[in-house]
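# Tertiary structure, described
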Amino acid sequence: MPPGRLPVRMFQAWPTGTRPWGCPRTRWRDCCLLSAAFFGALGSSFLYGYNLSVVNAPAKDIKAFYNLTWLSRYGEPAAAETLTLLWSVTVSIFAIGGLVGALVVSYLIKVLGRKGTLLANNSLAVIAALLLALGEKARSFEMLIIGRFIIGMDSGISLSALPMYLGEISPREWRGSIGQVNAVFICLGVFTGQLLGLPEIFGHVSVWNFLFVFLAVPALLQLCTLPFLPESPRFLLMERRDEARAEKAFKVFLGKTDVSAELEEVHAESRAQNTLQMASALELFRNRAVRWQTITVIVTMACYQLCGLNAIWYYTNGIFEAAGFNKATIPYITLSTGGIETLAAVASGLVIERIGRKPLLIFGFSAMAVCFTLLTIFLHFQDSFSWMPYLSFISILAVIASFCSGPGGIPFVLTGELFEQSYRPAAFMVAGVVNWLSNFAVGLLFPFIQNALQTYAFMVFVVVCVLGAVYLLIVLPETKNKTFVEISQSFSKINKISQMPDKEMEDVFPMDYTLCNYTSVSTSVLPNIITQVYFNSCNSLFSLM
């Protein structure tokens, strides 16, 4: 070829089925899906995780600021009780804000859509960042308290809107892995808060407010990227009745030109539902067709918070001090826990579509029960052997890894999978309320439990983990690689409703529903007669309520 000449093929049109630079449609699909997951989680679940850990490092400096502000206003230092109260309100009001956000999210996603809610929610993060960062300059601890409440609202909204958005845009063979991005970014947020809070970075008296300036960065990045990605195609088709935009969104996220099967699947789901009206939380509890789905979400989300991991995050320093570690090394030891949490969440996201949701959840809660038991033993004998604190530290790392292997993210995935379109917003609202109330309860009650039970305090969490694992073993069907309608059909037997599909459903999902008894839904090893008696008893109890 003569010098300076380029191959003719470089100027030819792009082959059918490719994007610019030779990127195949499957890679283009992966790029769009991963971009939606990455930037959606960056401005949502990442901020939630960051706010769980960010206040730990500057706690002493913030209390000193509160005391100085009180002195400048009233001419005398704040009483110890007043200072403790102000700090407790600052920490706990985050959960109250999250509860408020969870209560309003079903209305927001109905009006603004899934993506629209995530975008609008960034305004709360920016406002909170300004209040928290400028509170010291303004000599106003009220600004910090209000800022914590607003960022709590931001987290309450995003922890419902993001899993719903990711679940609805993902192909069913990717739904679990994409959904686990939510958990991975929560862990990354916790780790980042711990890292930036080190004394060598922002964890000292002169620059602690920069920890809160950082809140605006992920929110602004999401605002710059998410508008270029489509809204949830299921939302567009079933709630907005905009088939053209829904088809376009499916093409973008699935990376193919023919999406007629996906559109028909959504139409079939619409026809299978009793009503296209969005159900309220009250209707969710009244409707027998979703009774056990609702109970399962409540139990799973309660166990997510009450299994004990939040107690470790809230009181990490005290636990490590009780285990015998030097105070100067505790920030760096805590940083290692955030790293382990992130690695375990990533590993879970990689295997969830192979192993399934149910085995990972049961393994996670069971392993946590074992590790908490070992931690209790090691703490009890920590004064007897000099090397016992290291075993306590290993047990804490094992608890964290067990949590992130399944219970740390799958409850959010399940909430989106167990319900069809008209019930999903109400289900996320109920899950959010349970999540934040349980979060608040752990933060409030664990110090009293610890004072009363001493080294046996973690046995309370052993009971919660065991009960959660047993419930999931008996009740939860595997949802891996199933459509939303197929998952709903899995609960027909235990909800005691007719499961015979109409002709339209048979055309879209050909399967023998007459064989869909409970033994095909559950992987329980209990005898089938015991399982059936269990469900009959529970349904009889609910019929009396």
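Our structure's up above, just so we're on the same page.
Reference entry: report on the structure contained in this document. As the structure is a computational prediction, the values presented were derived from the model and not from experiment. (Residues numbered from 1 in each chain as written. Predicted model: local features only at pLDDT ≥ 70, side-chain atom pairs only at ≥ 80, totals over all residues. Heavy atoms only, no water.)

### Observations regarding the overall build of the protein chain
Defined as follows: Runs of H or I in DSSP of at least four residues are treated as helices and runs of E of at least two as strands, each being numbered from the N terminus. Accessible area is worked out with a 1.4 Å probe on protein chains only. A residue is then buried under 20% of its type maximum, exposed over 50%, and partly exposed in between. The criterion used for residue contact is that any of the two residues' heavy atoms lie within 4.5 Å. Every accessible area reported is derived by Shrake-Rupley at a probe size of 1.4 Å, with residue values counting cover from the shown protein chains alone.
Secondary structure summary: the protein chain contains 27 helices and 2 strands in total. Among the 545 residues that make up the protein chain, the fraction classed as buried is 55%. The contacts of the protein chain with a sequence gap of at least 6 include a subset with a gap of at least 24, amounting to 81%. Summed over its atoms, the accessible surface of the protein chain is roughly 23,500 Å², and 67% of this surface lies on carbon and sulfur atoms.

### Considerations on the state of the cysteines
Disulfides are covalent bonds that link the sulfur atoms of two cysteine residues. Stated formally: Cysteine sulfurs are considered disulfide-paired once they come within 2.5 Å of each other.
For the structure on display, the rule yields 0 disulfides. Cys32 takes part in no disulfide bond, and the closest cysteine sulfur to it belongs to Cys31, at a distance of 5.5 Å. On the basis of relative accessibility, which here comes to 8%, the residue Cys32 falls in the buried class. As a non-bridged cysteine, Cys371 has Cys465 as the owner of its nearest cysteine sulfur, 9.6 Å distant.

### Things to note about the packing of helix 17 (residues 330-355) against helix 19 (residues 388-404)
Counted only if it meets this: To obtain each axis, a line is fitted to C-alpha atoms, and for helices this fit is confined to the stretch in contact; angles are then taken between N-to-C directions over 0 to 180 degrees. In this scheme, roughly parallel covers angles under 35 degrees and roughly antiparallel covers those over 145, while 65 to 115 is roughly perpendicular and the rest are oblique. Crossing handedness is read from the near helix: turned anticlockwise from the far helix by less than a right angle, it gives a left-handed crossing, and turned clockwise, a right-handed one. All amino acids are sorted into three groups, where Ala, Val, Leu, Ile, Met, Phe, Trp, Tyr, Cys and Pro are nonpolar, Asp, Glu, Lys and Arg are charged, and the leftover types, Gly among them, are polar.
Two numbers describe how helix 17 lies on helix 19: the axes approach to 8 Å, and their chain directions differ by 30°. Here helix 17 lies roughly parallel to helix 19, going by the angle between them. The handedness of the crossing between helix 17 and helix 19 is right-handed. Across from Ile333, Ser336, Thr337, Ile340, Glu341, Ala344, Ala345 and Ser348 in helix 17, the residues of helix 19 making contact are Phe393, Leu397, Ile400, Ala401 and Cys404. Its residues placed into classes, the contact of helix 17 with helix 19 shows 9 nonpolar, 3 polar and 1 charged.

### As for the packing of aromatic side chains
Given two aromatic rings, their pairing is described by the distance between the two centres and the angle made by the two planes. Filter applied, for reference: Working definition: rings of Phe, Tyr and Trp (its six-membered ring) pair if their centres are within 6.5 Å, and the pair is stacked with planes under 30 degrees apart, edge-to-face with planes over 60 apart, and tilted otherwise.
Enumeration according to the criterion identifies 21 aromatic pairs in this entry. Plain terms: the ring middles of Phe46 and Tyr50 are 6.4 Å apart, the flat faces sit at 15° to each other, and that makes the pair stacked. Note that Phe46 and Tyr50 are positioned in helix 2 (residues 45-53) at a spacing of 4 residues, about one turn of the helix. Of the two residues examined, Phe46 and Tyr50, each falls in the buried class. Ring geometry for Phe372 versus Phe461: centroids 5.7 Å apart, planes at 40°, classification tilted. Highlighted residues: Phe372 in helix 18 (residues 357-380) and Phe461 in helix 22 (residues 459-475), separated in sequence by 89 residues.

### Description of a nonpolar patch on the surface
Threshold: The patches reported here contain residues having more than 30% relative accessible area and no salt bridge. Joining distances are 9 Å for like charges and 5 Å for nonpolar side chains (Val, Leu, Ile, Met, Phe, Trp, Tyr). Each salt bridge in this description consists of a side-chain nitrogen of Lys or Arg and a carboxyl oxygen of Asp or Glu lying within 4 Å of one another.
Taken together, the side chains of Val370, Leu374, Ile377, Phe381, Phe385, Trp387 and Tyr390 define a hydrophobic patch exposed on the protein surface, amounting to about 690 Å² of accessible area. Locating Phe385 in the fold gives a position in the loop between helix 18 and helix 19. By relative accessible area, which is 38% here, Phe385 ends up partly exposed.

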